[in-house]
Structures are given as C-alpha cells and as structure tokens.
Amino acid sequence: MSDYVIRSLKTLEELQAVETLQRLVWDDPKTVIYSHMLISLARNGGSILGALRGDQLIGFIISYLGLEAPESERPAMANLKLVSQRMAVQPEYRGTGVGYELKLAQRNFAIGLGIRLITWTFDPLLSRNAHLNIRKLGAIGQVYYRDYYGSGDSALVKLHSSDRLLAEWWVTSNRVEQRINGRRSSLTLQQYLEGNANILNPTSANAQGLPVPAERIEPPQSTLALVEIPTDYDAILSRDLDLAQAWRAHSREVLERLLNDGYAVTDFIHGVYEGRERSFYVLSYGEYSEIRISRFSTN
Ligand SMILES: CC(C)(COP(=O)(O)OP(=O)(O)OC[C@H]1O[C@@H](n2cnc3c(N)ncnc32)[C@H](O)[C@@H]1OP(=O)(O)O)[C@@H](O)C(=O)NCCC(=O)NCCS
C-alpha cells in the first residue's frame, strides 16, 4: 500500500486526530495521551509522525528525547536517545507495512538529530509486535520489566499484569542497516535448529487448538536458544483466561532466566512448524559487541 504519506503532525487539529485514534485502539481515558500534551511535545523537540491517506490519519508514532543512561554523569548532549512512546495503526490498515514505515521515518528523525538509539517497550507475548520490532527492524532485547505499568485497571494491563520487554534499536548499527536494507540473511527456524539452537519450551495444542506452554523448560544447549510464544495471545485472552495467565507466568520465567544468564533477544521467527503456526524468539549469548546499553531496570 503506497497511497499515504508520512509527515510530522504539528497543529492542534492534527494532534486531536492522534487522540481520537488512541481512543479507538485503547478505549481507556487513562491510557490516552491528550492533544494538549502532544502539542507541547511537538513544540519542544518531540516528534509526532502521522501516516495520512488524504485527510485520514491511518497511523501515528510518538517520540520524545530521553537519556541513554539516566544515571550516567555524561553531559546530556552526549547521552541522548529517542524514546518511542506509542504507535498505532487503524485496524483495517494493519499488516500492510504502515507500522514499519512509521518506524523508518522515526529512525530518519533520530539520525537527523545525531541520535543512535531508540528504545520502547512492548508486551513480549505479542507475536506481531515482536516480529515487527525484532525481525523486521533489528531491535534487540536485554531487559525484562515485570508489571511496567503496574497491575491496576488500565488498557495497558491485562489480567493484572503489564510485563514488557525493552526494545533497543541501535539505528546506525550494521545489523539494523542490513536488516532494513534486506542485506542481512534471514535465517529460518530450520537453519537455527541445524545451527545447534534448541527449543527450550515447545508448545502443544489443546482441544481448542490453543497453544499450551511446556511443563518443563529445557536448558540451552549452545549460545543460541529458541523460546516459543503463542502466535495470537489476544485470541487466548478472549477465549481462555486461565491459559492466558499461565502463558504470562511461563514466558516471564523463561525470558527472565535467559536474560539474567546473559542471553539477549536478537531475532524472531514466525511460520508453520510441525503443522501449526508457531512463533519463537531467538536468544544469543555474547554475540553483539555493539550492545552497550546500561542494564537499568525498575525491578
Ligand atoms: C503494532 C502495530 C502498530 C503494527 O502496525 P502494522 O502496520 O500492522 O505493522 P506492519 O504491517 O508494518 O508489520 C506487522 C508485521 O507483523 C506480521 N504479523 C501479523 N500477525 C502476526 C503474528 N501473529 N505473528 C507474527 N507476525 C505477524 C505482519 O505480517 C507484518 O509483517 P510482514 O510485513 O513481514 O508481513 C499495529 O498492529 C497496532 O496498531 N497495534 C495495536 C496498538 C499497539 O500494539 N501498538 C504498539 C505498542 S504501543
């Protein structure tokens, strides 16, 4: 789909459309970033990019300046990063590349400011978001937050939990440039398995066809490990709350364990395996010397 443009949104009217799209996606007044806040961000160095099809806003991404290592004594100008706070695409335009193009426009904005790191958090149980963030964009993940937005009543909290993985997008790194220019080899699940990666938690399907987490988590056999998640967590949330809860506890345990052992999320695979649609994080141990983020954490 190419009949839309991406540009900076600056006027109150445009930013009200961002507010309206947020209401549609999250349907929770506490979660919406209001237009008066957006206008202040837009006028003070933040960025609100919109994908516009004619006058219709079909997607947006909000970012603001932050510090790469907040506790560092480096001067702020040598310590800047971009924080990507929120992105959404109208439901009928999802899966057509709009989110990807918004992220590329955000990357251009960062590079124009001389900034090399963009970070954001995402729910690690959402396969679609993981595919976009890790596989297509080349972000990596090293930090897991339990209940980042608390456990209270909010659209960002599901089943009293809001665990998030921090996506670190080193926008000028070789791996990101190769990934977005299509020059980085896209390894398949089979290739990872042949390369000595093992699946630590292979799922089985229950009578409803929903994936059930493995009872036992295998240890990694090499510097590469595969961690399975559901391909459609939202479907589990709407059909089986106990299973959704079990998935949160399970993925928290396995991801925290590996990240604490020094593995990092470096790839994501989504496709058909053994007759079912499956999704896997790829975690690597000690592979990327470019990774320099400090492991700050709210835990
Ligand atoms: C997250 C979001 C912004 C992505 O936007 P989008 O325009 O759909 O993203 P894209 O089309 O560029 O990329 C999505 C990719 O995921 C793939 N995908 C779709 N369902 C998937 C699944 N279950 N598992 C893995 N990948 C999946 C799509 O095929 C596409 O990849 P491809 O281009 O390689 O085919 C959009 O889905 C959205 O608005 N979600 C609700 C709000 C949200 O979660 N925002 C992010 C957190 S603030």
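Our structure's up above, just so we're on the same page.
Cut-offs used in this document
Residues numbered from 1 in each chain as written. Predicted model: local features only at pLDDT ≥ 70, side-chain atom pairs only at ≥ 80, totals over all residues. Heavy atoms only, no water. Helix = DSSP H or I, 4+ residues; strand = E, 2+ residues; numbered from the N terminus. Rg over C-alpha atoms; globule rule 2.2 N^0.38 Å. Contact = heavy atoms within 4.5 Å. Lys, Arg positive; Asp, Glu negative; His and termini not counted. Charge placed at Lys NZ, Arg CZ, Asp CG, Glu CD. Buried < 20%, exposed > 50% of the residue type's maximum accessible area, 1.4 Å probe, protein only. Polar contact = N/O pair within 3.5 Å; in protein donor to acceptor, adjacent residues only side chain to side chain. Phe/Tyr/Trp six-rings, centres within 6.5 Å; stacked < 30°, edge-to-face > 60°. Near = heavy atom within 4 Å. Areas by Shrake-Rupley, 256 points an atom, 1.4 Å probe, with all protein chains shown as cover. 1 Å grid on protein atoms, 1.4 Å probe; cavity = no way out; pocket = protein on both sides within 12 Å on 5 of 7 lines; lining within 4 Å. Sits in = over half its atoms within 2 Å of the grid points. Nonpolar A, V, L, I, M, F, W, Y, C, P; charged D, E, K, R; others polar.

Chemist: In this structure, what is going on with the overall build of the protein chain? I would like to understand it.
Modeler: Scanning the protein chain from terminus to terminus reveals eight helices and 13 strands. Since a compact globule built from 299 residues should have a radius of gyration of about 19 Å, the 19 Å found for the protein chain is in line with a globular shape. Across the protein chain, contacts joining residues at least 24 apart in sequence account for 69% of those joining residues at least 6 apart. Between the averaged position of the 32 positive side-chain charges in the protein chain and that of its 34 negative side-chain charges there is a distance of 4 Å.

Chemist: Teacher, can you tell me more about the side chain of glutamate 168 here?
Modeler: Inspection of the secondary structure puts glutamate 168 in strand E7 (residues 164-170). The class of glutamate 168 is buried, set by a relative accessible area of 0%. Reaching out from glutamate 168, the side chain makes a polar contact with the side chain of glutamine 142 at a distance of 2.8 Å.

Chemist: I tried to follow the packing of aromatic side chains on my own but got confused; where do I start?
Modeler: The description of an aromatic ring pair uses the distance of the two centres, along with the angle that the planes make with each other. Applying the stated rule across the entire model yields six aromatic pairs. Centre to centre, the rings of phenylalanine 268 and tyrosine 281 are 5.0 Å apart; their planes meet at 70 degrees, and the pair counts as edge-to-face. Separated by 13 residues along the polypeptide, phenylalanine 268 in strand E12 (residues 263-273) and tyrosine 281 in strand E13 (residues 276-285) bring together distant segments of the chain. The exposure classification of phenylalanine 268 matches that of tyrosine 281, with both residues buried.

Chemist: I tried to follow the site of the ligand on my own but got confused; where do I start?
Modeler: Near the ligand lie 20 residues; those nearest to it are Met87, Gly95, Gly99, Ser127 and Lys136. Between the ligand and the protein, one listed contact pairs an oxygen atom with a backbone N or O atom of glycine 95 at 2.8 Å. Between the ligand and asparagine 129, the relevant distance is 3.3 Å, taken from an oxygen atom to a side-chain nitrogen or oxygen of the residue. Coverage of the ligand by the protein chains reaches 76% of its 950 Å² of free accessible surface. Most atoms of the ligand, that is more than half of them, are within 2 Å of grid points of the largest pocket. In terms of residue class, the shell around the ligand is built from eight nonpolar, nine polar and three charged.

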